[in-house]
Structures are given as structure tokens and as C-alpha cells.
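Working through the structure, step by step
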Amino acid sequence: MEDVKKHLSDGKRVVLMPIYKSFADAIIYVYVHMRYNLEAPFIFGNQEDTPDVTFFKMWLKRVGYIYSRRSYKSSVQSRYINSAMLKEIIENNKLTMVF
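As the structure is a prediction and not an experimental result, all values here were calculated from the model.

**A look at the nonpolar core**
- Residues Val4, Leu8, Leu16, Phe23, Ile43, Leu95 and Met97 are the most contacted members of the largest nonpolar core, which totals 17 residues.
- Here this core gets 3 residues from one element, more than from any other, and that element is helix H2 (residues 24-35).
- Discounting residues that sit within four places of it in the chain, Ile43 has contacts with Val30, Val63, Gly64, Tyr65, Ile66, Met97 and Phe99.

In C-alpha cells:
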């Protein structure tokens, strides 16, 4: 976490790509950011993998989770929009997490 803090304080952008085991990872990750007083990252994740639980969806919305559709069956337009949105988020924010 100290390396992340240093990079952020130096004005660098950080993209975190945690090993995805479950959605508990996202909860733990946001907790760690709050615990170490780091700004919350933009979280970019797959809509198809998101649990369909109302409370959980409300929490994800509050922490800034951005849903994307990353299915190979997605249209070219949908894939382009996801790519453009992720690029824009990384370019304009210091901290991004991709699930």
C-alpha cells in the first residue's frame, strides 16, 4: 500500500488488477482503501459476473462500480464503448481497479 500511496502522491496513475476470486475481493479492497486513507478507485468490472443481489448492487453503485459487458458475443460497438470508457477513466483519474 505504501508503493501505491507513493505513486499517487507523485502524480502517477495506478491501475490495479487484483486476482479475482469472488466479489468479496471488491469489498475487502474498498475497506483497505478506507483503512489506509487512500482515495477510492474507479472500479471497472464485468456485468455478467456481478451477483444479482439488491443490497450488493446498491453498495457497488455507492462505491463507483462501473459495469461493462465483456462477452465475446458483444457487438463491436459495445466493445468499442467499453474500451473508450476504460481508456478515459484511466487517463483522467489517478486510481482505477479492473476486475
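**So, the side chain of Thr96**
- Inspection of the secondary structure puts Thr96 in strand S4 (residues 95-98).
- Residue classification places Thr96 among the buried positions, given a relative accessible area of 1%.
- Excluding residues within four positions of it along the chain, Thr96 makes contact with Val14, Val15, Leu16, Pro41, Phe42, Leu86, Ile89 and Ile90.

Cut-off values and rules
- Residues numbered from 1 in each chain as written.
- Predicted model: local features only at pLDDT ≥ 70, side-chain atom pairs only at ≥ 80, totals over all residues.
- Heavy atoms only, no water.
- Core = buried A, V, L, I, M, F, W, Y, C linked by side-chain atoms within 4.5 Å.
- Buried < 20%, exposed > 50% of the residue type's maximum accessible area, 1.4 Å probe, protein only.
- Helix = DSSP H or I, 4+ residues; strand = E, 2+ residues; numbered from the N terminus.
- Contact = heavy atoms within 4.5 Å.

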